[in-house]
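Observations on the model geometry
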Amino acid sequence: MVLTSAGRACMIKWPLQWWSNYPRLSCGCRKPPRASRTGLNQAINNKGDNMPKKNARVRYAPSPTGYPHVGNIRTALFNWLFARHTGGSFIVRIEDTDTARTVSGAEDVILESLRWLGLDWDEGPGKGGAYGPYRQSERLEYYQKAARQLVEQGNAYYCYCAPERLEEMRSGQIANKQPPGYDRRCRELDPHKKSGFSGECPHPVIRFKTPIEGSTAFCDELRGEVAFENRSIDDFIILKADGFPTYHLASVVDDHLMQISHIMRAEEWISSAPKHVLLYGALGYQPPRFAHLPMILGPDRSKLSKRHGAVSITQYREEGYLPQAMVNFLALLGWSLDDKTDIISLQTLVESFTLERIGKTAAVFNREKLDWMNGVYIRSLSLDDLVRQAMPFLEKYLPDSVERPLDEGYVKKVMPLIHERAKTLREIPQLVDFFFTPDIGYEAGLLIGKKMDRQMSLNALEVTLDHLEKLEPFTHDTLEQSLRPLAEELELKAGQLFGIIRVAVTGLTVAPPLFETMVVLGKVKCLQRIKQAISSLSAYTC
RNA sequence: GCCCCCAUCGUCUAGAGGACUAGGACAGCGGCCUUUCAAGCCGUCAACAGGGAUUCGAAUUCCCUUGGGGGCACCA
């Protein structure tokens, strides 16, 4: 009897004969009564159970066929959190067994994404480890050996069917509304004789000889027992014509060899899990535990893909999201701490991350909430950190007319003014460019204040200029003491006057608080811009 | 077509038979603050997919229906 982390019980008996029917799990783990779950939990707590709650060995196994999207990364994060929570190991394994689709540079991007988020790995590329190598393309011998073993045991067979034949067969099946699948023509060929079909294909593949009868079940940590009729499982390919394994064989062999304790992967893998269970059985391996994580969906509730726009995690970095915000947000997609917490430190995440609190409902990626959360994290940054993080974005996106390199001291004076206004680092340059550009262009009509006409506004600007020229020192307080009474003198509301000055000085109707802005800009520049405003308003005709 | 998974506000979620008049967050809306915008604070709108069954009692357990999603490659 083994207990799942959810306190559910599973009894798995591995048959001596691989082809005998795998027993349905007598785990009763499919939605057991609450009471019994509680009882089981107590058993876990009180007795030394054999649950590997400690020192879990989990892996993130990306395929370098593209850049990782938020779903992949969420899977990586959950694995990482589980490893750290249990004091176990987080292993990165590159599943590069598809030579045709491998994208050069993708592996680097994947690893860089992990580093960006702070998901450090204990074993894997660039790190090594006792179970390496960690790239499947460097482990072919293991898979080939396992495949040979299966053929020798009679659990697998060479298949000489050409891709064209398979394609034809598949389209015929689909046209006839039949479930697509291999017709098992080569299943019973004698492996010791040259087959009559061998002429068709010089490089045969190896297929698994799936039992025809019975069913195969496994215990999902989140859902309980999941069972499949064997007749619905194809004689899937385990070794391709080029000698590379398919995912099914490679992941089973490696998860065994690397002593992975829990497979945590996306829900889309559920339907291939019985194939893996069958392989574990045939190879004589003890299978690890399975936890199929709920999917992350696009706004249209379908599986995340390129057409959903921003999905590559690197894109979020480029768009100015903070890694800690990203981690916090992703952690909450499919997992929760309690009924009210949404800003969670990494430390708390690690301390409290358990499988029990992972949900099973697919989640839609909600960009607005991410934006809000990113704003929260930006606001929590120290000024120095904000400057450091914003600098690359300013260097890159401030208009060309701004002289480079930027003056860090000046940036440091500007940043407090937008600190609580920025939702992403990427939008900071637009928020502050008037502090940097030599000329601010704007529509002169904006200089006309609310419920005012051109002449009144012009007059206000002229009087303001007059006052400011004499103002010394040029500080928030002196500005306030000078300008507020001035508004009264002009029989204007403070907002009316300040609005005009704001446009004159920043070119914007929406900007950081006026006096702070003017102080940072400096007296000289303010006067110069107000003069410019007076002349453009003088020339303005509506 | 076949198989599998899932089902609480628009979205992310809390919910372990009585604590539910269903809680929190984002978004929306209204207000306060206020020189604009933010931030902050206060308030408001808003959900147990439907039907049976079990039970004194069901968001919670079971069944069916419906809906959504995923899978069915010499891809992972």
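Look up a bit, the structure's there.
Remember, predicted model here, so these are calculated numbers, not experimental data.

**Notes on the pairing of strand β10 (residues 262–266)**
- With five of its five residues buried, β10 lies for the most part within the structure.
- In the sheet, β10 pairs with strand β11 (residues 289–293) via five bridges, with the strands oriented parallel. Across the sheet, the residue bridging to R265 is H292, located in β11.
- Taking the sense of rotation as the criterion, the β-α-β connection linking β10, helix α7 (residues 273–283) and β11 turns out right-handed.

**Side note on the environment of G359**
- Along the chain, G359 turns up in the loop between α10 (346–352) and β13 (363–364).
- Take G359: its relative accessible area is 29%, and that puts it in the partly exposed class.
- Between the alpha carbons of G359 and L293 there is a distance of 8.0 Å; along the sequence they are 66 residues apart.

**With respect to the layout of surface pockets**
- One number sums up the size of the largest pocket: a volume of about 1200 Å³.
- Contributing to the lining of the largest pocket are 37 residues, with S63, T65, H69, N72 and E268 lying nearest its centre.
- Sorting the residues of the lining of the largest pocket by element identifies β3 (57–60), α2 (70–86) and β10 as the ones contributing at least two each.
- It is α2 that contributes the most residues to the lining of the largest pocket, four residues altogether.
- Here the lining of the largest pocket is composed, by residue class, of 15 nonpolar, twelve polar and ten charged.

**As for the sheet that holds strand β5 (residues 156–159)**
- Spatial ordering of the open sheet is given by β5-β6-β9, a layout of three strands whose pairing is antiparallel. Only two strands of the sheet have a single neighbouring strand rather than two, namely β5 and β9 (237–239). Averaged over all neighbouring strand pairs, the angle between strand axes comes to 45°, with direction disregarded.
- Across two bridges, the pairing between strand β6 (residues 205–208) and β9 is antiparallel. Across the sheet, residue I206 finds its bridge partner in β9, namely L239.

**A word on the side chain of N374**
- Along the chain, the position of N374 falls in helix α11 (residues 367–379).
- For N374, a relative accessible area of 0% puts it in the buried group.
- From its side chain, N374 meets the backbone oxygen of G320 in a polar contact 3.2 Å long.
- Contact partners of N374, with chain neighbours within four places excluded, come to G320, Y321, L322, A325, K423 and T424.

**Some points on the protein's contact with RNA strand B**
- Around RNA strand B, 68 residues are found, and the nearest of them are K240, K303, E420, R421 and R502.
- Measuring from a sugar or linking oxygen of RNA strand B, one finds a side-chain N or O atom of E95 at 3.3 Å.
- One of the backbone N or O atoms of P513 is found 3.0 Å from a base oxygen in RNA strand B.
- Elements supplying a minimum of two residues to the surface near RNA strand B: α5 (163–175), β8 (224–229), β13, α11, α17 (494–506) and α18 (514–521).
- The residue makeup of the surface near RNA strand B, split by class, is 29 nonpolar, eleven polar and 28 charged.

**Structural notes on the packing of helix α13 (residues 408–418) against α18**
- Close contact between α13 and α18 brings their axes to 10 Å; oriented N to C, the two are set at 175°. On the basis of the axis angle, α13 is roughly antiparallel to α18. Note on element contacts: α18 touches α13 through E516, T517, V520 and L521, opposite Y410, K413, V414 and L417.
- For the contact of α13 with α18, the per-class residue count stands at five nonpolar, one polar and two charged.

**Describing the packing of helix α15 (residues 454–470) against α17**
- Remark: α15 packs on α17, axes separated minimally by 10 Å, with the N-to-C direction vectors making an angle of 75°. Relative to α17, the element α15 lies roughly perpendicular. Contact residues: S457, A460, L461 and T464 in α15; L497, I500, I501 and A504 in α17.
- Among the residues forming the contact of α15 with α17, the class breakdown is six nonpolar, two polar and no charged.

**A look at the nonpolar core**
- Counting residues in each nonpolar core, the largest one holds 111 residues, and the members touching the most others are M326 and M415.
- Element by element, the count of residues in this core is highest for α2, at nine residues.
- The contacts of M415, once residues within four sequence positions are left out, are L383, L386, V387, A390, L394, I428 and V432.
- Counting residues in hydrophobic clusters, the runner-up holds 36 residues, among them F228, I238, F244 and L283.

**Remarks on helix α9 (residues 323–331)**
- For α9, the tally of buried residues reaches eight of nine residues, placing the bulk of the element in the interior.
- For α9, every residue scored as buried is listed here: P323, A325, M326, V327, N328, F329, L330 and A331.
- Packed against the buried residues of α9 are α2, α3 (106–117), α8 (313–318), α10 and α11.

**Thoughts on the environment of V520**
- Here V520 lies in helix α18.
- Here V520 falls in the buried class, since its relative accessible area comes to 14%.
- Each C-alpha atom of the pair V520 and K413 lies 6.5 Å from the other, and the pair is 107 residues apart in sequence.

**Observations concerning unusual backbone geometry**
- That bond from R404 to P405 is cis: its omega, -10°, falls within 30 degrees of zero.
- Within the secondary structure layout, P405 lies in the loop between α12 (383–397) and α13.
- Cis rather than trans, the peptide bond between E472 and P473 has omega equal to -5°.
- One can find P473 in the loop between α15 and α16 (476–489).
- We note that N55 has phi near 50°; this positive angle belongs to a residue other than glycine.
- Here N55 is to be found in the loop between α1 (34–46) and β3.

Criteria and thresholds
- Residues numbered from 1 in each chain as written.
- Chains lettered and ligands numbered in written order.
- Predicted model: local features only at pLDDT ≥ 70, side-chain atom pairs only at ≥ 80, totals over all residues.
- Heavy atoms only, no water.
- Buried < 20%, exposed > 50% of the residue type's maximum accessible area, 1.4 Å probe, protein only.
- Helix = DSSP H or I, 4+ residues; strand = E, 2+ residues; numbered from the N terminus.
- Pairing = 2+ DSSP bridges.
- Right-handed = clockwise from strand over helix to strand, strands pointing away.
- 1 Å grid on protein atoms, 1.4 Å probe; cavity = no way out; pocket = protein on both sides within 12 Å on 5 of 7 lines; lining within 4 Å.
- Points joined across faces, edges and corners; volume = space filled by probe spheres on them.
- Nonpolar A, V, L, I, M, F, W, Y, C, P; charged D, E, K, R; others polar.
- Axes fitted to C-alpha atoms, helices over the stretch in contact; angles between N-to-C directions.
- Polar contact = N/O pair within 3.5 Å; in protein donor to acceptor, adjacent residues only side chain to side chain.
- Contact = heavy atoms within 4.5 Å.
- Near = heavy atom within 4 Å.
- Parallel < 35°, antiparallel > 145°, perpendicular 65-115°, else oblique.
- Core = buried A, V, L, I, M, F, W, Y, C linked by side-chain atoms within 4.5 Å.

None of the figures reported here should be taken as evidence of function without further support.
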